[in-house]
Amino acid sequence: MRYLFFLASFMMIWGNTFCQEGTIIGQVKGSDGFTIPGASVIVKGTTNGVATDIDGNYLIKVSDLKTAILKFSYLGYATQEIAVAGRKKIDIVLKEASKEIDEVVVVGYGTSTKKTLTGATSQVGGEEVEKLNVARVDQALQGQVSGVAINTNSGSPGGASSIRIRGLSTFGDNDPLILVDGVVYDSEGLNALNPNDIASVNVLKDATAGIYGVRAANGVIIIETKKGALNSAPKVEFSSYLGVQNTARRLDLLNATEYAVIKNEIFGSAGDAIPFGNTSIGEGTDWQDEVFQSALIQNYNFSVLGGNKNSTYSAGASYFTQDGIVGGDKSNFERINARLNLGNQLNDKVKLNSVILYTNEKRRALPENGIGSVLYNTINAFPNEPVKTADGNYSYLEEVSDIINPLAQIENSQNQAIVNKIVGKEELVFEINDNFTFTNRINYNYASVDFKSFSPLVWYGQGKAQNTAINANLDPSRLLLGFIENPNGDGNHDEGKYDSLLLDRGASVFESRSTYVDLNGESYLNYNRIFNEDHSVKGTIGVSVFQRRGSQLNGSAFNIPGNSVDFADISANLAPGGFLNNT
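The present account deals with the structure reproduced in this document. (Residues numbered from 1 in each chain as written. Predicted model: local features only at pLDDT ≥ 70, side-chain atom pairs only at ≥ 80, totals over all residues. Heavy atoms only, no water.)

### Points about the overall build of the protein chain
Note the cut-off: Segments assigned H or I by DSSP are reported as helices when at least four residues long, segments assigned E as strands when at least two residues long, and all are numbered from the N terminus. For every residue, the accessible area obtained with a 1.4 Å probe (protein chains only) is divided by the maximum for its type, and the residue is called buried under 20%, exposed over 50%, and partly exposed between those limits. Should any heavy atoms of two residues lie within 4.5 Å, those residues are considered in contact. Per-residue accessibility takes into account occlusion by the displayed protein chains alone, with areas from the Shrake-Rupley method and a 1.4 Å probe.
In terms of helices and strands, the protein chain carries six helices and 29 strands. A burial count over the protein chain gives 41% of its 583 residues as buried. Excluding contacts between residues fewer than 6 apart, the proportion of contacts in the protein chain whose partners are at least 24 apart in sequence is 63%. Element-wise, carbon and sulfur atoms account for 54% of the exposed surface of the protein chain, whose accessible area totals about 31,600 Å².

Put into structure tokens, the structure is as follows:
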């Protein structure tokens, strides 16, 4: 018995030390001995990161104390990587880095170096973005930039994030101004960018962004895509990855037996008849096992860049697809990108730059966030109920009116959004002399969004708000449109004989097309002069004109033939209640 106990203890110790989670604390100082507030501390290879407090202290959680590597960085100091090696306290002294302070940062309508820049800015390089293998560019900023909070609004593939620079600044729109090669983007539009096309991401947090006016009140994110280099041989790159996603953790919910016992206790304490005569009914249905699944994620990237003595080029294409852990292809996101970036030195004084980006994306989504969502129904479904009954139909969760079978809900969800986006700029740069440079550019941004949602006749059980049919036979509901005068009619209305005008409301479809066009013209003059190699003067003056137009066409159709998504089109409307709106 003693040998058996020793073996079991050894196995428990070995299992616990194999992957040991933990919390690490410490302090970050500079080579001058002073603490560094706002230094970035990141677990290498992840987006898990924190910033040091006013006293240079930090606290960060890691998934494995033995293998984790911490990455420390701060503006003007060399980035250092420290292996945790089981330690729970790590203090570090950062050394100044002359190379880093000479790095070029994109600021407003020009550039600067870190050593001459006095404003609050942060930069994330393209190589760092590529290593993270993220679906969206904003995900690459999570934990990488101090003062920038990235919150996911949706857990489904292709879901947008909210970006906040230094917190909330207004009761209205708190999104920062986002510029991609000088073209205005919104945060939702970041879905259209391929993270592998990014050369750098610069975040302007304070008065440095003031040159953009009131649009920069919430900060500015400047994204530069990859460019070719003069007199360089063609460089061809191909990269790809394939992965499988699963839930990291699940909620600890009651099984069927536990549910029956607790429910009997509740009814018994109230003096009511207990609902379960026998509580030994086994594990029942694990609805999380039924709904959650392994989901594929794939990404393929191809690019070529180079240049000769007068021109540069950079071109790329990519394909990305991601299924949902909930719903699989019912919550799929797919994106195709193409990019072309050209630079031509027309003569000694004039340079022409052209950028064009094309994106096609398709996204399907399930009901989410709150009551009525798939996850809400999953965690509230009764474990004693089967997924399907003996006749092969989905079970009805009859006891509560706002809970339906999540598997039936997934099967009946039919919607898709298709986005086509073209973004580009044409820029002419004229070098007047060694000090003055004049730039004239035209930016354009075109997007069309086609959305379709099909609502079939469904029956989830008696009293369910999500029902679109009136019974299990899928008979449609009837809508009273009005009354028709008929002397021989059976109905009375306003002292006359009338017949009711009723409309069967069968399966329906909603379609919309939204089109947006942004045009932006900019002209500005840059002045840059260096005195005695130690002093410099820079200035910018210019004008910018921005115009945005949009239109929308939407319509609904009813009584779709066959209650089938195959005929789900507004042209298939079989009811006089269909409508079409144009705004």
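### Focus: the side chain of Asn-360
Convention followed: Here a polar contact is taken to be a pair of N or O atoms separated by no more than 3.5 Å, where protein atoms must pair a possible hydrogen donor with a possible acceptor and residues adjacent in sequence count only if both atoms sit in side chains.
Mapped onto the elements, Asn-360 comes out in strand β21 (residues 350–363). A relative accessible area of 14% places Asn-360 in the buried class. In this structure the side chain of Asn-360 is engaged in a polar contact, spanning 2.9 Å, whose partner is the side chain of Asn-420. Excluding residues within four positions of it along the chain, Asn-360 makes contact with Glu-334, Arg-335, Ile-336, Ile-418, Val-419 and Asn-420.

### Observations regarding the pairing of strand β13 (residues 177–180)
Rule in force here: For two strands to pair, DSSP has to find at least two bridges joining them.
With burial as the criterion, each face of β13 is covered, one bearing Leu-177 and Leu-179 and the other bearing Ile-178 and Val-180. When β13 meets strand β16 (residues 220–225), the two strands line up parallel, connected through four bridges. Directly across from Val-180, in β16, lies its bridge partner Ile-223. As paired elements, β13 and strand β14 (residues 183–185) share three bridges and run antiparallel to each other. Bridging from a neighbouring strand, Leu-179 pairs with Val-184 of β14. The loop that links β13 with its antiparallel partner β14 comprises two residues; one of these, Asp-181, has a positive phi angle of about 55°.

### Some words on the pattern of salt bridges
Quick note on the threshold: When a carboxyl oxygen of Asp or Glu lies within 4 Å of a side-chain nitrogen of Lys or Arg, that pair is called a salt bridge.
In the structure shown here, the tally under the stated rule is 15 salt bridges. For the salt bridge of Glu-81 with Lys-44, the shortest nitrogen-to-oxygen distance reads 3.0 Å. Here the residue Glu-81 occupies a position in strand β6 (residues 77–83), and Lys-44 occupies one in the loop between β2 (40–43) and β3 (49–51), the gap between them amounting to 37 residues. Overall, the relative accessible area of 40% leaves Glu-81 in the partly exposed class. Judged by relative accessible area, which is 45%, Lys-44 ranks as partly exposed. Counted as one network, the salt bridges with shared partners bring together Lys-425, Glu-427, Arg-441 and Glu-522.

### Quick notes on the sheet that holds β16
Formally: Only the contacting stretch of a helix is used when fitting its axis, a line to C-alpha atoms as for every element, and angles between N-to-C directions run 0 to 180 degrees.
The strand order β10-β15-β16-β13-β14 describes an open sheet built from five strands, whose pairing is mixed. Each end of this open sheet is capped by a strand with a single partner; those strands are β10 (121–125) and β14. The average angle at which neighbouring strand axes cross in this sheet is 20°, direction not considered. Sheet topology note: the strand β15 (residues 198–204)/β16 ladder contains six bridges and is antiparallel. By the bridge assignment for β16, Ser-200 is matched with Glu-224.

### Here we look at the pairing of β21
For strand β20 (residues 328–345) and β21, the ladder comprises 13 bridges, and the chain directions are antiparallel. Within the sheet, the bridge partner assigned to Asn-341 lies in β21 and is Val-355. Both β21 and strand β22 (residues 414–431) contribute to a ladder of 14 bridges, which runs antiparallel. Note that in β22 the partner of Val-355 across the bridge is Lys-425.

### Some remarks on empty space enclosed by the protein
For clarity, the cut-off: Definitions used for this entry: grid spacing 1 Å over protein atoms alone; cavity, a set of points where a 1.4 Å probe fits but cannot get out; pocket, an open set with protein on both sides within 12 Å along at least 5 of 7 lines; lining residue, one with an atom within 4 Å of a point. Grid points are joined across faces, edges and corners, and a volume is the space filled by probe spheres set on the points. All residues other than Ala, Val, Leu, Ile, Met, Phe, Trp, Tyr, Cys, Pro, Asp, Glu, Lys and Arg, Gly among them, are scored as polar; the first ten of these are nonpolar and the last four charged.
In this structure the tally under the stated criterion is two cavities of 30 Å³ or more. Considering only enclosed or pocket space, the largest cavity measures out at about 50 Å³ in volume. Surrounding the largest cavity, Tyr-185, Ala-192, Leu-193, Asn-194, Asp-197, Thr-225, Asn-337, Ala-338, Arg-339, Leu-357 and Thr-359 form its lining. Mapped onto the lining of the largest cavity, the elements with two or more residues apiece are β20 and β21. If you tally residues by element for the lining of the largest cavity, the top one is β20, at three residues. Looking at the lining of the largest cavity residue by residue, the classes come out as five nonpolar, four polar and two charged. Approximately 40 Å³ is the volume attributed to the second largest cavity. For the second largest cavity, the full set of lining residues is Val-183, Val-184, Asn-443, Tyr-444, Asn-445, Asp-518, Leu-519, Asn-520 and Phe-546. Among the secondary structure elements, those contributing two or more residues to the lining of the second largest cavity are β14, β23 (436–455) and β27 (508–531). Looking at the lining of the second largest cavity residue by residue, the classes come out as five nonpolar, three polar and one charged.

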